[in-house]
Amino acid sequence: MSDLKVLIVDDEPGIRSGISRILRNYRVGYPFLEEDFGFTLTEAETGEIALEILEKQEIDIVLLDNKLPGIEGIDVLEQINKRNYDTAVMMITSYASLELAVTATKRGAYNFVPKPFTPEELRGAIESITKHLFLKRMTKKMSETARQIRFQFLSVLSHELKSPINAIEGYLKIMQEKQAGTSIDDYMHMINRSIERITGMRSLIMDMLDLTRIENGTKSRNLKEVDIIECAKMAISSMEPMAIQKNVKILTAFPESLILTADSNEVEIIANNLISNAIKYNRDNGTVTVSIFTDKTDLNIIVEDTGIGINAEEQEFLFQEFMRIKNKKTQNISGSGLGLSIVKKIIELYNGTITVESQPDVGTKFIVKIPFKAQTV
Amino acid sequence: MNSRKLILIVDDDIDFISQIKLYCEKFGYETMTATSENEALELIKTRKPDLAMLDLMMEKDDSGFILSYKIKQKYPDVPVIIATAVTSETGLIFGVESHEEQQWIKADLIMEKGVRPDQLQREIKRLLKE
């Protein structure tokens with residue numbers, strides 16, 4: 001059970017002890033929460049004392065009478081508001097006028113209970129304020145996590161952008177100082193590596209643009225009837241040069257056409273990424289098989305390769321941003337580490353799923369399933 | 001004449017490795033290289049380097065620290081340099097100057113990546129007591 005600290009501010013001892021009695025063994029629980037809330041009570045007889053307590057302790061809920069001997073409740077409220085305490089205030093007062101209620105609400109009071117009140121009324125008000133407080137804190141926590149994720153993303157991104165710049169700069173300095181010889185041929189490897197790093201950086205920037213477009217929401221999505229097979233063929237033909245270089249054969253198994261509602265750009269991004277991975281991480285003279293078919297409920301896109309494979313441990317992180325499997329076999333393969341996370345995000349826009357089956361040194365199979373139902377939405 | 005001293009270079013960026021390797025060999029050292037913590041641990045099973053130069057962030061953000069610790073455990077007398085781009089990227093500063101820092105960072109020198117070759121040579125010589 002978690003404990004909420006309640007501060008009762010009232011100059012009448014009878015009211016203070018009455019409230020204490022009502023709340024002492026009171027519990028608030030919600031169906032969606034595992035634990036109940038209980039209340040620990042603190043009392044203050046004036047506004048001045050209340051402010052002192054608030055300064056020293058963390059108080060969750062303040063029950064505040066307006067008519068107090070020194071400063072008024074409404075002034076205490078103003079101070080609470082000014083000092084930004086993480087606390088919820090409920091006014092309790094017998095001289096409730098509309099004007100006071102309006103001012104109190106303006107100054108951040110959560111609600112208003114007129115005196116005299118029944119135990120049920122007080123408990124009802126406490127229940128509602130507890131829920132309010134809980135949700136408020138929950139929301140705050142969640143937005144902090146979102147900010148943290150954003151920050152992590154940016155710091156990884158800056159690392160990923162700086163590493164190629166550092167590498168290229170390093171090579172250029174070596175060339176500038178002629179550290180490896182006097183002939184340009186002595187530097188061929190460095191030149192090739194520099195070009196390779198630039199290619200990688202360009203693909204990172206392109207992927208970043210894709211990712212921001214997806215994250216910005218559906219505004220730029222262009223959903224219409226498209227031929228999935230046509231999109232796949234486009235992707236395959238743009239990957240052909242890369243396949244020829246590695247002598248990888250691309251086999252296809254799909255019907256003549258398959259018309260569905262989708263954004264053709266997005267379908268191409270999916271196909272491009274899966275097929276280019278299947279070529280990049282393949283062995284020389286390997287094969288890539290692209291199958292597209294429909295069953296009762298889903299569109300299925302399956303891309304299978306005969307490549308280096310991914311072990312179970314690596315599969316777990318495969319769809320995370322900037323996740324690149326790093327080992328001896330992959331160190332010469334360039335990539336942004338964003339491709340599969342983009343693919344997954346797009347597939348989720350269609351309420352679909354992507355799964356992977358893989359065996360190291362045998363091959364990898366990516367299975368995309370997109371339900372038709374989502375197509376009509 | 002003594003045989004050439006052996007420097008272990010560990011970094012997940014193969015271009016950084018090839019650049020450092022080139023410089024170290026020009027300085028007259030022999031090198032062995034690894035692209036991960038585990039690969040480096042395999043290497044030092046059979047050969048003891050005279051000095052190790054490690055990248056900080058490899059598989060994990062603190063791979064360099066962990067590897068440094070393990071090298072020191074096996075070969076307490078081998079000086080370790082951790083090369084990092086962390087400061088320029090995050091503003092975090094690590095040092096091994098104070099006693100307190102030496103308690104948890106088991107390295108002899110934390111060096112920014114991209115230092116000038118002559119500076120690198122000077123530091124290596126200093127740590128090898130040449």
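If you're wondering where the values come from, they're calculated on a predicted model, not measured in any experiment.

Quick word on the overall build of chain A
Here's step 1: When its secondary structure is counted, chain A shows 11 helices and 12 strands.
Here's step 2: Expressed as a percentage of the 377 residues in chain A, the buried residues total 28%.

A few points about the overall build of chain B
Here's step 1: From N to C terminus, chain B includes six helices and five strands.
Here's step 2: When its helices and strands are written in sequence order, chain B yields β-α-β-α-β-α-β-α-α-β-α.
Here's step 3: When each of the 130 residues of chain B is scored for burial, the buried share is 35%.
Here's step 4: In chain B, once contacts between residues fewer than 6 apart in sequence are set aside, the share between residues at least 24 apart is 63%.

Examining the interface of chain B and chain A
Here's step 1: In this complex, chain B contributes 16 residues to the contact, which on the side of chain A involves 16 residues.
Here's step 2: Within the residue set of the side of chain B that touches chain A, elements represented by two or more residues are α1 (14-26) and α4 (86-90) of chain B.
Here's step 3: Classifying every residue of the side of chain B that touches chain A gives four nonpolar, five polar and seven charged.

What to know about the pairing of strand β4 (residues 80-84) of chain B
Residue and element names in this part refer to chain B.
Here's step 1: With five of its five residues buried, β4 lies for the most part within the structure.
Here's step 2: Here β4 shows no split at all, with Val80, Ile82 and Thr84 on one side and Ile81 and Ala83 on the other all buried.
Here's step 3: Pairing between β4 and strand β5 (residues 109-112): four bridges, direction parallel. Residue isoleucine 81 lies in a different strand from β5, and its bridge partner there is leucine 109.

A few points about the sheet that holds strand β10 (residues 298-305) of chain A
Residues and elements named next belong to chain A.
Here's step 1: Across the sheet, which stays open at both edges, the five strands sit in the order β7-β9-β10-β12-β11 with mixed pairing between neighbours. The strands lining the two open edges of the sheet, one partner per strand, are β7 (249-253) and β11 (353-359). Between one strand axis and the next, the sheet turns through 10° on average, direction left out of account.
Here's step 2: Bridge analysis of β7 against strand β9 (residues 287-294) gives five bridges, and the strand direction is parallel. From the neighbouring strand, leucine 251 faces β9, where its bridge partner is threonine 289.
Here's step 3: Helix α7 (residues 228-246) contacts β7, β9 and β10 of the sheet and is inclined by roughly 175° relative to β9.
Here's step 4: Running over the sheet, helix α10 (residues 339-349) touches β11 and β12 (363-371) and is turned about 140° from β11.

What to know about the nonpolar core
All names here are of chain A.
Here's step 1: The biggest cluster of nonpolar side chains holds 36 residues, and the ones touching the most others in it are Ile270, Ala271, Leu274, Ile275, Val303 and Val343.
Here's step 2: Here this core takes eight residues from helix α8 (residues 264-280), the largest share from any one element.
Here's step 3: Here isoleucine 275 is in contact with Ala235, Ile236, Met239, Val288, Val290 and Val303, once residues within four sequence places are set aside.
Here's step 4: Listed in part, the 30 residues of the second largest apolar core include Ala50, Ile74, Leu77 and Ile129.

Brief notes about the confidence of the model for chain B
Low pLDDT means the predicted coordinates in that region are not meant to be read closely.
Here's step 1: Across chain B, pLDDT averages 84, with 81% of residues at or above 70.
Here's step 2: Across the predicted assembly, pTM comes out at 0.55 and ipTM at 0.78.

Some remarks on the environment of leucine 54 of chain A
Here's step 1: Structurally, the position occupied by leucine 54 of chain A is in helix α2 (residues 47-56).
Here's step 2: In the structure, leucine 54 of chain A is positioned 33 residues away from threonine 87 of chain A in sequence and 9.3 Å away in space, judged by C-alpha atoms.

Considering the sheet that holds strand β4 (residues 88-93) of chain A
All names here are of chain A.
Here's step 1: In spatial order, the strands read β2-β1-β3-β4-β5; together these five strands make up an open sheet with parallel pairing. Looking along the sheet, the strands with just one partner apiece sit at the ends: β2 (37-44) and β5 (111-114). Sheet twist, expressed as the mean angle between neighbouring strand axes with direction ignored, is 25°.
Here's step 2: As judged from the four bridges shared by β4 and β5, these two strands associate in the parallel manner.

Comments concerning the environment of asparagine 282 of chain A
Residue and element names in this part refer to chain A.
Here's step 1: With respect to the element layout, asparagine 282 can be found in the loop between α8 and β9.
Here's step 2: For the pair asparagine 282 and glycine 309, spaced 27 residues apart in sequence, the C-alpha separation works out to 8.4 Å.
Here's step 3: Leaving out residues up to four positions away in the same chain, asparagine 282 has contacts with Lys246, Val248, Val288, Asp305, Thr306 and Gly307.

Things to note about the pairing of strand β2 (residues 30-34) of chain B
All names here are of chain B.
Here's step 1: Here strand β1 (residues 6-10) pairs with β2 via five bridges, running parallel. Following the sheet pairing, leucine 6 is matched in β2 by glutamate 30.
Here's step 2: Crossover handedness for the path β1 to α1 to β2: right-handed.

Thoughts on the packing of α8 of chain A against α10 of chain A
Residue and element names in this part refer to chain A.
Here's step 1: In the contact formed by α8 and α10, the axes pass within 9 Å of each other and the chain directions differ by 145°. Crossing handedness for the pair α8 and α10: left-handed. Facing Glu266, Ile269, Ile270, Asn273, Leu274 and Asn277 of α8, the residues of α10 in contact are Gly339, Leu340, Ile342, Val343, Ile346 and Ile347.
Here's step 2: Residue composition of the contact of α8 with α10, by class: eight nonpolar, three polar and one charged.

Remarks on α10 of chain A
In an α-helix, one turn spans 3.6 residues; hence positions three or four apart end up facing the same way.
Here's step 1: Buried within α10 of chain A are the following residues: Gly339, Leu340, Ser341, Ile342, Val343 and Ile346 of chain A.
Here's step 2: Positive backbone phi, at 55°, marks asparagine 351 of chain A, one or two positions downstream of α10 of chain A.

Points about the packing of α7 of chain A against α8 of chain A
The axes of two packed helices give the description: the angle between them and the distance between them.
All names here are of chain A.
Here's step 1: Two elements in contact, α7 and α8, have axes separated by 9 Å at closest approach and are oriented at 30°. For the element pair α7 / α8, the angle class is roughly parallel. In terms of crossing hand, the pair formed by α7 and α8 is right-handed. Seen from α7, the contacting residues are Ile228, Cys231, Ala232, Met234, Ala235, Ile236, Ser238, Met239, Met242, Ala243 and Lys246; seen from α8, they are Ser264, Val267, Glu268, Ala271, Asn272, Ile275, Ser276 and Ile279.
Here's step 2: Taken together, the residues of the contact of α7 with α8 sort by class into 13 nonpolar, four polar and two charged.

What counts and how
- Residues numbered from 1 in each chain as written.
- Chains lettered and ligands numbered in written order.
- Predicted model: local features only at pLDDT ≥ 70, side-chain atom pairs only at ≥ 80, totals over all residues.
- Helix = DSSP H or I, 4+ residues; strand = E, 2+ residues; numbered from the N terminus.
- Buried ≥ 20, exposed ≤ 12 C-beta atoms within 10 Å, placed from the backbone.
- Contact = placed C-beta atoms within 7 Å.
- Nonpolar A, V, L, I, M, F, W, Y, C, P; charged D, E, K, R; others polar.
- Pairing = 2+ DSSP bridges.
- Axes fitted to C-alpha atoms, helices over the stretch in contact; angles between N-to-C directions.
- Core = buried A, V, L, I, M, F, W, Y, C linked by C-beta atoms within 7 Å.
- pLDDT = per-residue confidence, 0-100.
- Right-handed = clockwise from strand over helix to strand, strands pointing away.
- Left-handed = near helix turned anticlockwise from the far one by under 90°.
- Parallel < 35°, antiparallel > 145°, perpendicular 65-115°, else oblique.

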